[in-house]
Amino acid sequence: MTRIKLVIVPPEEFGRMASDYIANRIIDFHDRRPMNIGTATGGTMEGIYGSLIERARRDDALANALQTVNYFAMDEYVGLDGDHPQSYAYFMRSRLLEPAAVSTSRLQLPNKENVEPAPGAGGCISMYDQMMTDCGGIDLQLAGIGTNGHVAFNEPGTSRDSWTRRVLLSESTISANSRYFSDPSEVPREAYSIGIATIMRAERVVLFASGKNKASALERMIRGRPGDDCPASVLTLHPNCTVFMDWEAASKLRPY
């Protein structure tokens, strides 16, 4: 039996309620130390960040707390400059940091240099993973799920022992991401991505999913056994994982 918590909300309330979930975690943590958040991107997160900004504009406690957070991005495309409109550096700056008046210096992303093994760390732990550890570890890891069950850019077949590294993207992921590019040939074929082991080391994980196109992947994640064919399914082994979804994403989940 999984240990994850399931939160199912109406589609029209998804963005607001998901952002409130994040905001409450940030505010509750604010007095302890600068919070470390692992950030996700994509269409689902765009709406959530938009709602988070709306609340911050009328909630001084949240606005102040956002200023002190350390943001660690899950992934970034190989070959895209940080100013490219489809880079995840640009996504985070334009959708969250700049609207919230947060210094972009608080954002870290995996890149060519920091995915190299950390000196003296042993194994495949990267410098990016070590950066998170040196800051106190990820307190709240945000995540999404791909239609093929990927989380970050950990495609099916990824080992649960994987750390941050350079990865090849699957054809289904490339196809899904092509909608953001004017020419499908422009979609990068590789990315830098945190690993499954990176995600599992976070203190708290919350995975967000909306829309019927995510229903099959969520069913596999939640109803099936954890396995490399659906990397997100490994999150069901995390001691503090919440899956936050709308009715459409949850449409294939049925009581036993």
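The coordinates are above.
Residues numbered from 1 in each chain as written. Predicted model: local features only at pLDDT ≥ 70, side-chain atom pairs only at ≥ 80, totals over all residues. Heavy atoms only, no water.

(A) Quick peek at the overall build of the protein. Along its length, the protein carries eight helices and 10 strands. Here the C-alpha coordinates of the protein stretch approximately 45 × 40 × 40 Å along the principal axes. Out of the 256 residues belonging to the protein, those deemed buried represent 53%. Taking the contacts inside the protein whose residues are at least 6 apart along the sequence as the reference set, 76% of them involve residues at least 24 apart. When the accessible surface of the protein is totalled, it reaches about 11500 Å², and 50% of it is carbon and sulfur. (Helix = DSSP H or I, 4+ residues; strand = E, 2+ residues; numbered from the N terminus. Buried < 20%, exposed > 50% of the residue type's maximum accessible area, 1.4 Å probe, protein only. Contact = heavy atoms within 4.5 Å. Areas by Shrake-Rupley, 256 points an atom, 1.4 Å probe, with all protein chains shown as cover.)

(B) Examining helix 3 (residues 60-68) more closely. Regarding helix 3, the residues found buried are Leu-62, Ala-65 and Leu-66. Relative to the axis of helix 3, the buried residues are bounded by an arc of 105° and lie together on one face. On its buried face, helix 3 is in contact with helix 1 (14-29), helix 2 (43-56) and strand 3 (70-73). Of the residues that open helix 3, the one with a side-chain oxygen 3.1 Å from the backbone nitrogen of Ala-61 is Asp-59. (Arc of directions from axis to C-beta. Polar contact = N/O pair within 3.5 Å; in protein donor to acceptor, adjacent residues only side chain to side chain.)

(C) Region of interest: the pairing of strand 2 (residues 36-39). Alternating residues of strand 2 divide into Asn-36 and Gly-38 and Ile-37 and Thr-39, and every residue in both groups is buried. Where strand 2 lies against strand 3, four bridges are found, and the strand directions are parallel. Note that in strand 3 the partner of Ile-37 across the bridge is Tyr-71. The pairing of strand 2 with strand 6 (residues 140-143) spans two bridges and is parallel. Each bridged residue has a counterpart across the sheet, and for Gly-38 the counterpart in strand 6 is Gln-141. (Pairing = 2+ DSSP bridges.)

(D) How the structure looks around the pairing of strand 10 (residues 241-246). Among the six residues that make up strand 10, six are buried, leaving the element largely enclosed by the rest of the structure. The alternating pattern of strand 10 places Cys-241, Val-243 and Met-245 on one face and Thr-242, Phe-244 and Asp-246 on the opposite face, and all of these are buried. Bridge count for strand 1 (residues 5-9) against strand 10 is five bridges, and the pairing is parallel. Considered in strand 10, the bridge of Lys-5 is made with Thr-242. Where strand 9 (residues 205-209) lies against strand 10, five bridges are found, and the strand directions are parallel. The partner of Phe-208 across the bridge, within strand 10, is Phe-244. Running through helix 8 (residues 215-223), the crossover from strand 9 to the neighbouring parallel element strand 10 is right-handed. (Right-handed = clockwise from strand over helix to strand, strands pointing away.)

(E) Broad picture of the sheet that holds strand 7 (residues 165-168). One open sheet accounts for three strands, arranged 4-8-7; its pairing is antiparallel. At either end of the open sheet lies a strand with only one pairing partner, and these are strand 4 (75-77) and strand 7. Pairwise comparison of adjacent strand axes, ignoring direction, gives a mean angle of 30° for this sheet. Pairing of strand 7 with strand 8 (residues 190-193), which is carried by four bridges, proceeds in the antiparallel orientation. Counterpart to Arg-166 in the pairing with strand 8 is Tyr-192. (Axes fitted to C-alpha atoms, helices over the stretch in contact; angles between N-to-C directions.)

(F) A look at the packing of aromatic side chains. All chains considered together, the criterion is met by nine aromatic pairs. With centroids separated by 6.1 Å and ring planes inclined at 70°, the aromatic side chains of Phe-72 and Tyr-128 adopt a geometry described as edge-to-face. Within this pair, whereas Phe-72 is found in strand 3, its partner Tyr-128 is found in helix 5 (residues 127-134), the two being separated by 56 residues in sequence. The exposure class assigned to Tyr-128 is buried, which follows from its relative accessible area of 0%. Three or more aromatic residues link up through ring pairs in this structure, and these residues are Phe-14, Tyr-21, Phe-208 and Phe-244. (Phe/Tyr/Trp six-rings, centres within 6.5 Å; stacked < 30°, edge-to-face > 60°.)

(G) Broad picture of the nonpolar core. Ile-26, Leu-66, Leu-142, Leu-207, Phe-208, Leu-218 and Met-221 are the most contacted members of the largest nonpolar core, which totals 78 residues. At seven residues, helix 1 tops the list of elements feeding residues into this core. Ignoring sequence-local partners within four residues, the contact set of Leu-142 consists of Ile-22, Ile-37, Gly-38, Thr-39, Ala-40, Met-45, Tyr-49, Met-74, Val-206 and Phe-208. (Core = buried A, V, L, I, M, F, W, Y, C linked by side-chain atoms within 4.5 Å.)

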